[in-house]
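Report on the structure
This is what each chain is made of:
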Amino acid sequence: MIKLNFNKIKIFIITILLLIPNLNNAQEVLIYADSISYDEDENIIAKGNAKIINNKQIIASDLIIFKKNNNKIILPTSFTLKDSENNYLNGSSGFFVSDFNYGEFNDIKIRLNDGSRIVGDYGKREGHIDIISKGVYSPCKSRIKIANFICPTWQLEGEKILHDNKNLFLYQKHSKMRVINTPVFYIPYIVTPSPLRKERKSGFLTPSVSLNFFDTKTSQSTAFPYYFNLSQDKELTFTPILKYGGGVNSSQRFLFNYNQIISGGNFSANLNFDSNFENENSNKWLSDASLVTNYNKNLNEKFKINIDSALQTSQNYIQLTEPDNDLSYKNSLSTKLTLEGYNVYNKDDYLNTNISFYQINQKNEDNKTTPTILPNLKYYTGSDIYRGYQINGNYQFYNIFRDKNTEIHSQRQRKLSYQHNVSKEIIKYNSKISFKSEIHNQFFNTENKLLYSNKFHTGNVYRIFPIVSAELETPFKIKKNNDFIFSPFTQLVITPGLSNSNKISNEDSSNNNFSLENFKSLNRYSGTDKLDNSKRINYGFSIRNDEIKFDLLQSYEFTENSNFHYEQGNNDYLSDLVGSISYENINKLKYNFRYDSNENILKEQNANLNYKSGIGAIELSYLDLKSKNDDIITEDIETFNYELNSNKFMKFSKIKLSGLYNLKKNSNTEYKIGYSYFDECFGISIDFSRKSYEEESLKPQDILTLMFSFKNIGSYKSSNLATSKYDIEDISWEDNTVENDQFTNYE
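Just so we're clear, the structure is a prediction, and the values are computed from it rather than from any experiment. In this numbering scheme, every chain counts its residues from 1 along its sequence in written order. Residues qualify for local features only when their pLDDT is at least 70, as the model is predicted, and side-chain atom pairs are given and counted only at 80 or more; totals for whole chains, interfaces and linings, by contrast, use all residues. Only hydrogens and water are set aside when side-chain values are computed; all heavy atoms of the structure are taken into account.

Topic: the overall build of the protein chain
Strands are runs of DSSP state E lasting at least 2 residues, helices are runs of H or I lasting at least 4, and numbering of each runs from the N terminus. Per the secondary structure count, the protein chain includes 2 helices and 48 strands. Sequence separation of at least 24 residues holds for 43% of the intrachain contacts in the protein chain that already meet a minimum separation of 6. Should any heavy atoms of two residues lie within 4.5 Å, those residues are considered in contact.

What follows is the structure, given as structure tokens:
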């Protein structure tokens, strides 16, 4: 016979079904405890490891009292509430109604499922709203000990904190930020996204304040960004910046950043403009502005359109307002409309139609000489195979004009051309034999092309220009030496030898260089306005395995008036010797060189090393450029680039070092050094950079940048720029976004 001793059973579980009087909204409440009893008012008293469960929410405490007559859950001692989203709420005492939709509690502590914490003296829950009095918010899990006080890295203290669990926002009244328990920031009212928020919502972003010091005067500017969540696929950020004080004219700057996702593409527009609304006696409220747009869309399965535009009212407005924008460093701003088509008529054909306008972005250039391209049409016919021959063609038409001509460009030029390409490869006798041909048919109409002695040409030019080649390559495998493959080759190129006419303006062959990349090309010019008239034989070899590659190439010219050969600085028949050696495994090493055997000079050499060491990733680059004319060095450049990105040390810290050293002048032309610390909730980075100028009269430019980053809020950056005692020392705090994945999980 088995005897049960109930006194020795530690946990006694009773399940009670409680029905709320409104039968249409009946809810089941489960109570578990070591012991459950009733008092004289029929209140349920649960003691010892007590739990009450309702709709996937659990309250745990040593003592829970359920008042059945008013459906109230009394929590006389400390308790923990776990909701359906794995957020935890703790209190020293309090009460809930039975559906958990309303409650009040003392000494509230909320831990959200991402680790963020909200702590306060008193709290109240109404539906999806938590209201905390004298609360503190921080996403930091780590703790810093100061004397006998332990605090998070940073926290926001508010007289009132409202956490919206549905819309996922934090509203704080009379908020004060503390960093390492030191007050650094106060704002009467602030709204920030909840750490749980995954969706966008309209509202004010964190404002930023800038202070500008000039002699004894101080001016200020304040930005109040507002984010508009226009719809699921549209958003707009509007940032008004107000400038005042310091004896300067009051002015304003307005920034509009618009983004839209469209079917098959997207559209973005950035509008900046300055105004003088508050200036008296000012009849020009709009000072300067810039507009940068991008629109790209797949029109259908064959066509894609892209429109890029960059406009500004003054020549260097973008340079002054957005120095970090890549557009600030371009000679001209362009507006382009590009229509691309794929498989339009034939399989693998390609259509490109381009319309371009330009606006000068540098002070030392004449906008009248910049071109307008209306249009530039290119069509690649796709490839066909006929009896083993691969056949394709390229059509091109452009219309380029300027307000006035230059020394090398005509005022207007139209071009209509067709390039017919035929190639074939034969594998025989353990060798690859290749045949290639290009036939260029071109018609040019040119206006006001400067020839010589102020004589101009206006008229038509037609030319037909064939180029053919034959190439032989025979690889050999060297089994005893790490499976190296040795591949010698030779290539014969034949052209008419006709020199390029100076009646044609070169519009599309501007970037030309003798290198490994274009060595085997029939036309070594980057475009076709200039054609390579060289009869030549190319030869060389390559040695390679899975990790090591070595190439060595050279050519011999038969044509005395080879345009490309002469323009690359070669006056004799033998070309420069070009080569490359590379090693690629975990680390990468590559060395390129160009040697002029006629002048006995190493014209160009470049070495690059990417090395992953125990301290971090190291990138080193060496460049040496020389040119020689009549035994006189006309160009001599030698530079050394270096960059170090350290691994993390002391858990959260990294160091970055980079620079450019001029070996000829024995000086650091520019260098940067920075330190960053990013833990799970806080980040700080300090960067110093110096840029030197070629003019000795100009002092180097020094920039010191300090940035603080706070998880779920953003970052604040300050830059101090001082090039001389007469310049403005600008200390500005800017609000920046920071992605949460930059912060390191704390373990």
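Here the narrative resumes.
Some thoughts on a positive patch on the surface
The patch calculation keeps residues exceeding 30% relative accessible area without a salt bridge and links them within 9 Å when they carry like charges or within 5 Å when they are nonpolar (Val, Leu, Ile, Met, Phe, Trp, Tyr). All accessibility values rest on the Shrake-Rupley procedure with a 1.4 Å probe; residue burial counts only the protein chains present in the view. Any carboxyl oxygen of Asp or Glu within 4 Å of a side-chain nitrogen of Lys or Arg constitutes a salt bridge here. Only four residue types enter the charge count: Lys and Arg as positive, Asp and Glu as negative, with His and the chain ends excluded. To locate a charge, take NZ of a lysine, CZ of an arginine, CG of an aspartate or CD of a glutamate. The grouping of Lys648, Lys654, Lys656, Lys672 and Lys691 at the surface amounts to a positive patch. Mapping Lys654 onto the fold places it in strand β43 (residues 653-662).

What to know about a nonpolar patch on the surface
Together, Val468, Leu492, Ile494, Tyr556, Phe558 and Tyr573 line one region of the surface with nonpolar side chains, adding up to about 510 Å² of accessible area. Examined against the element boundaries, Tyr573 turns out to sit in the loop between α2 (563-567) and β38 (577-584). A simple rule labels every residue: compare its accessible area, found with a 1.4 Å probe on the protein chains alone, to the largest value its type can have, and call it buried under 20%, exposed over 50%, or partly exposed in between. Overall, the relative accessible area of 35% leaves Tyr573 in the partly exposed class.

A look at the nonpolar core
Throughout this description, the term nonpolar core refers to a set of buried Ala, Val, Leu, Ile, Met, Phe, Trp, Tyr and Cys residues connected via side-chain atoms within 4.5 Å. Within the largest apolar cluster, 35 residues are counted, with the highest numbers of intra-cluster contacts made by Ile31, Ile52, Ile59, Ile64, Ile73, Phe96 and Trp154. Elements supplying a minimum of two residues to this core: β3 (44-54), β4 (57-67), β5 (72-75), β6 (79-82), β9 (102-111), β11 (129-138), β14 (154-164) and β15 (169-179). By residue number, the principal contributor to this core is β3, which donates 4 residues. Not counting the four nearest positions on each side in its chain, Ile59 is found in contact with Ala50, Lys51, Ile52, Ile64, Leu75, Phe79, Thr80, Leu81, Phe96 and Phe100. Counting 7 residues, the second-largest nonpolar core is a separate cluster that includes Phe489, Phe514, Phe564 and Val578.

Structural notes on the confidence of the model for the protein chain
In this model, the protein chain carries an average pLDDT of 80, and 79% of its residues clear a pLDDT of 70 or more. What pLDDT conveys is the predictor's confidence in a given residue, as a value from 0 to 100. Across residues 1-26 the pLDDT falls below 50, and counting only partners more than four positions away or on other chains, this stretch makes 33 contacts in the model. For the stretch residues 720-735, pLDDT sits under 50, and the model shows 53 contacts to residues farther than four places along the chain or on other chains.

Focus: the pairing of β6
Of the two faces of β6, only one is covered, namely that formed by Phe79 and Leu81; the face formed by Thr80 and Lys82 stays uncovered. Strands pair, by our definition, only if DSSP identifies at least two bridges between them. Of the strand pairs in this sheet, β4 and β6 are connected by 4 bridges, and their pairing is antiparallel. Bridge pairing in β6 places Ile58 opposite Lys82. Across 4 bridges, the pairing between β6 and strand β7 (residues 88-91) is antiparallel. Among the inter-strand pairings, Lys82 is bridged to a residue of β7, identified as Tyr88.

Quick word on the pattern of salt bridges
Scanning all chains against the criterion turns up 21 salt bridges. A salt bridge links Asp130 to Arg125; the shortest N-O distance between them is 2.7 Å. The pair formed by Asp130 and Arg125 is uniform in burial state, with each residue classed as buried. Among the charged side chains, a salt-bridge network with shared partners connects Arg524, Asp532, Arg536 and Glu557.

Some details on the environment of Ile360
Within the fold, Ile360 resides in strand β27 (residues 350-360). Residues Ile360 and Leu311, spaced 49 residues apart in sequence, show a C-alpha to C-alpha distance of 9.9 Å.

With respect to the environment of Leu553
One can find Leu553 in strand β37 (residues 548-557). On the basis of relative accessibility, which here comes to 8%, the residue Leu553 falls in the buried class. Residues Leu553 and Asn538, spaced 15 residues apart in sequence, show a C-alpha to C-alpha distance of 7.4 Å. Not counting residues up to four positions away in its chain, the partners in contact with Leu553 are Phe489, Leu516, Phe519, Tyr539, Gly540, Phe541, Asp576, Leu577 and Val578.

Considerations on the packing of aromatic side chains
When two rings of Phe, Tyr or Trp (its six-membered ring) have centres within 6.5 Å they constitute a pair, described as stacked for plane angles under 30 degrees, edge-to-face for angles over 60, and tilted for the intermediate range. Taken as a whole and assessed by the stated rule, the structure comprises 28 aromatic pairs. Put simply, the rings of Phe79, Phe96, Phe100 and Phe105 touch in pairs and so form one group of aromatic residues. Lying over the aromatic face of Phe95, Lys72 brings its terminal NZ or CZ to 4.5 Å of the ring centre. The cationic tip of Lys520 hangs over the ring face of Phe489; the distance from NZ or CZ to the ring centre is 4.1 Å. Note on geometry: a ring has a charge over it if NZ (lysine) or CZ (arginine) is within 6 Å of the ring centre and within 35 degrees of the ring normal.

Brief notes about unusual backbone geometry
Omega for the bond connecting Leu374 with Pro375 falls within 30 degrees of zero, at -5°, which places this linkage in the cis form. Counting through the fold element by element, Pro375 comes out in strand β28 (residues 372-380). The backbone of Asn71 shows a phi angle near 55°, a positive value even though the residue is not glycine. Within the fold, Asn71 resides in the loop between β4 and β5. Unusually for a residue other than glycine, Asn430 sits at a positive phi of about 60°. On the secondary structure map, Asn430 appears in the loop between β31 (412-428) and β32 (431-452).

Section: the side chain of Gln396
Structurally, Gln396 can be placed in strand β30 (residues 389-401). Setting aside residues up to four positions removed in sequence, Gln396 forms contacts with Asn376, Leu377, Lys378, Lys415, Leu416, Ser417, Asp508 and Thr528.

As for the environment of Tyr642
Within the secondary structure layout, Tyr642 lies in strand β42 (residues 632-646). In this structure the C-alpha to C-alpha distance between Tyr642 and Glu619, which are 23 residues apart in sequence, comes to 5.8 Å. Once residues within four sequence positions are removed from consideration, Tyr642 is found in contact with Glu619, Leu620, Leu657, Ser658, Gly659, Leu660, Tyr661, Asn668 and Tyr671. Here the side chain of Tyr642 touches Asn668 through a polar contact of 3.1 Å, side chain to side chain. Definition of a polar contact: a pair of N or O atoms within 3.5 Å, with one able to donate and the other able to accept a hydrogen when the atoms are protein atoms, and with sequence-neighbouring residues admitted only if both atoms are side-chain atoms.

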